[in-house]
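Chains, contacts and geometry: an overview
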Amino acid sequence: PQLRAIVRGMPKAELHIHIEGSLEPELIFALAARNGVPLGYESVEHLRSAYAFTDLQSFLDIYYAGASVLLKEQDFYDMTQAYLQRAEADNVLHTEIFFDPQTHTARGVAMADVINGIHRACQDSPVSAALILCFLRHLSEEEAFETLEDALPHRDKFIGIGLDSSEVGNPPEKFSRVFARCRELGLHLVAHAGEEGPPAYIRTALDDLQVERIDHGVRCLEDAELTARLAREQIALTVCPLSNTKLRVFDQMHDHNLVQLLDAGLLVTVNSDDPAYFGGYMNDNFDAIFDALPLGLSHAHRLARNGFIAAFLPQAQKDAFL
Ligand code: HPA
Ligand code: ZN
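Residues numbered from 1 in each chain as written. Chains lettered and ligands numbered in written order. Predicted model: local features only at pLDDT ≥ 70, side-chain atom pairs only at ≥ 80, totals over all residues. Heavy atoms only, no water.

Along its 14 residues, helix H7 (residues 111–124) runs 20 Å from first to last C-alpha, staying within 8% of the 20 Å computed at 1.5 Å per residue. Taken residue by residue, H7 has Met-111, Val-114, Ile-115, Gly-117, Ile-118, His-119, Ala-121 and Cys-122 as its buried positions. Buried residues along H7 sit against helix H5 (73–89), strand S2 (92–99), helix H6 (101–105), strand S3 (128–136) and helix H8 (141–151). (Helix = DSSP H or I, 4+ residues; strand = E, 2+ residues; numbered from the N terminus. Expected span 1.5 Å × (residues − 1). Buried < 20%, exposed > 50% of the residue type's maximum accessible area, 1.4 Å probe, protein only. Contact = heavy atoms within 4.5 Å.)

Tallied over the full model, the rule gives 18 salt bridges. Note that Arg-8 and Asp-287 form a salt bridge whose closest N and O atoms lie 2.2 Å from each other. Of the two residues, Arg-8 is situated in helix H1 (residues 2–9) and Asp-287 in helix H15 (residues 282–292); the sequence distance between them amounts to 279 residues. Taking the relative accessible area as the measure of exposure, Asp-287 reaches 9% and is therefore buried. With a shortest N-O distance of 2.9 Å, Asp-78 and Arg-34 are connected by a salt bridge. Of this pair, Asp-78 sits in helix H5 while Arg-34 sits in helix H2 (residues 25–35), and the two are 44 residues apart along the sequence. Judged by relative accessible area, Asp-78 falls into the buried class, the value being 16%. Overlapping salt bridges bring together Arg-4, Arg-8, Asp-287 and Asp-291 as one network. (Salt bridge = Lys/Arg side-chain N within 4 Å of Asp/Glu carboxyl O.)

Glancing now at the sheet that holds S2. Judged by pairing direction, the sheet is parallel, and its 8 strands sit side by side in the order S1-S2-S3-S4-S5-S6-S7-S8 without closing on themselves. Since the sheet does not close on itself, it has two edges, and those belong to strand S1 (12–18) and strand S8 (267–270), each with one partner. Neighbour-to-neighbour, the strand axes of the sheet open up by a mean angle of 25 degrees, direction not taken into account. Across 5 bridges, the pairing between S1 and S2 is parallel. Considered in S2, the bridge of Lys-12 is made with Val-92. Contacting S1, S2 and S8, helix H16 (residues 297–309) crosses the sheet at an angle of about 100 degrees to S8. (Pairing = 2+ DSSP bridges. Axes fitted to C-alpha atoms, helices over the stretch in contact; angles between N-to-C directions.)

Another aspect to go through is the packing of aromatic side chains. Applying the stated criterion across every chain, the model contains 11 aromatic pairs. Measuring from centroid to centroid gives 6.0 Å for Tyr-51 and Phe-53, while their planes differ by 25 degrees, and the two rings are stacked. Taken individually, Tyr-51 and Phe-53 each receive the classification buried, so the pair is uniform in this respect. Taking 4.7 Å as the distance between ring centres and 40 degrees as the angle between the ring planes, the aromatic pair formed by Tyr-51 and Tyr-277 counts as tilted. Here the residue Tyr-51 occupies a position in the loop between helix H3 (44–49) and helix H4 (56–67), and Tyr-277 occupies one in helix H14 (residues 275–278), the gap between them amounting to 226 residues. (Phe/Tyr/Trp six-rings, centres within 6.5 Å; stacked < 30°, edge-to-face > 60°.)

In contact at an axis separation of 10 Å, H1 and H15 are set at 150 degrees when each is read in the N-to-C sense. In terms of orientation, H1 lies roughly antiparallel with respect to H15. As for the relative orientation of H1 and H15, their crossing is right-handed in sense. Taken together, the residues of H15 that come into contact with H1 (itself represented by Leu-3, Arg-4, Val-7 and Arg-8) are Asn-283, Phe-286, Asp-287, Phe-290 and Asp-291. Residues of the contact of H1 with H15, tallied by class, amount to 4 nonpolar, 1 polar and 4 charged. (Parallel < 35°, antiparallel > 145°, perpendicular 65-115°, else oblique. Left-handed = near helix turned anticlockwise from the far one by under 90°. Nonpolar A, V, L, I, M, F, W, Y, C, P; charged D, E, K, R; others polar.)

Close contacts around ligand 1 come from His-18, Leu-56, Phe-59, Leu-60, Tyr-63, Asp-164, Ser-165, His-192, Glu-195, His-216, Asp-273 and Asp-274, and that covers them all. Between Glu-195 and ligand 1, the recorded distance is 2.9 Å, taken from a side-chain N or O atom to a nitrogen atom. In the model, an oxygen atom of ligand 1 is placed 3.0 Å from a nitrogen or oxygen of the His-216 side chain. Look at ligand 1: alone it shows 260 Å² of surface, and the protein chains cover 100% of it. Judged by its atoms lying within 2 Å of the grid points, ligand 1 is housed in the largest cavity. Here the shell around ligand 1 gets 4 residues from one element, more than from any other, and that element is H4. Of the residues in the shell around ligand 1, the class split is 4 nonpolar, 4 polar and 4 charged. (Near = heavy atom within 4 Å. Polar contact = N/O pair within 3.5 Å; in protein donor to acceptor, adjacent residues only side chain to side chain. Areas by Shrake-Rupley, 256 points an atom, 1.4 Å probe, with all protein chains shown as cover. 1 Å grid on protein atoms, 1.4 Å probe; cavity = no way out; pocket = protein on both sides within 12 Å on 5 of 7 lines; lining within 4 Å. Sits in = over half its atoms within 2 Å of the grid points.)

Shown next as structure tokens:
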């Protein structure tokens with residue numbers, strides 16, 4: 001109980017949050033009404049009861065349906081402002097926010113409305129916030145290149161590039177050329193790998209895409225040599241405990257490998273992924289692991305500190321937070 005209070009009060013950095021995954025059912029309904037978008041669910045309760053996932057794809061289908069209510073710049077602003085208020089309440093001092101522009105531009109929403117709405121909310125918040133544009137890996141590399149071109153007039157409003165959506169069958173190397181271009185542009189690089197996909201995807205994310213952090217990465221432990229490399233190079237893993245249990249990467253929190261990851265010397269961080277869908281924000285994720293796993297105060301400090309160590313911030317700013 002005392003440990004829980006300390007953990008909840010610790011300064012935190014969040015490095016793996018999809019802003020579309022912060023859309024709460026109530027806001028989905030409010031935006032659907034405001035925009036006249038038909039929803040296939042008759043009430044907030046019906047929608048919430050559909051949040052019973054069996055794997056990543058069963059989640060993504062509902063996540064993209066929820067995002068269909070986002071049409072106007074103000075919608076993106078309102079969604080982001082709501083997330084930042086929750087982050088602030090959880091003592092998140094810095095957050096690096098993923099967004100999926102292709103989910104919106106495919107429906108005719110302008111790239112400018114997506115980026116400007118999210119960015120304006122970040123500027124209006126007391127929480128330090130930066131944006132990471134994600135390519136959808138179930139789409140083609142050519143479409144990723146088109147999305148990059150479309151976003152470049154807004155280059156000053158995002159700091160990095162990520163890779164998300166359906167992992168298995170869409171390996172990182174499918175996006176080698178577009179990530180090389182993003183590297184030339186001075187963008188930070190990250191990719192989801194080793195959530196449902198094999199350790200080989202973590203390797204190609206590092207070697208072919210040259211990413212600086214791995215999102216999820218929990219399957220690395222299946223490959224001892226890869227695990228040793230991640231530890232040696234102190235490549236951060238942005239682990240999302242509630243996401244992993246909701247998407248059945250682990251059956252129960254008790255089965256999560258977070259302690260083994262820490263014991264292997266890895267730079268593990270704790271994050272919420274899609275908090276509106278997976279049952280909670282940052283402090284809920286910390287509560288869940290501290291309730292289920294043999295973790296103590298030293299782990300709490302290490303996990304919270306790792307978030308700042310792995311952040312894309314100048315060292316002086318990290319020092320100011322730590
Ligand atoms: N994995 C892949 N794609 C995603 C996720 C995730 O956990 N959340 C939102 N898009
Ligand atoms: Zn994710």
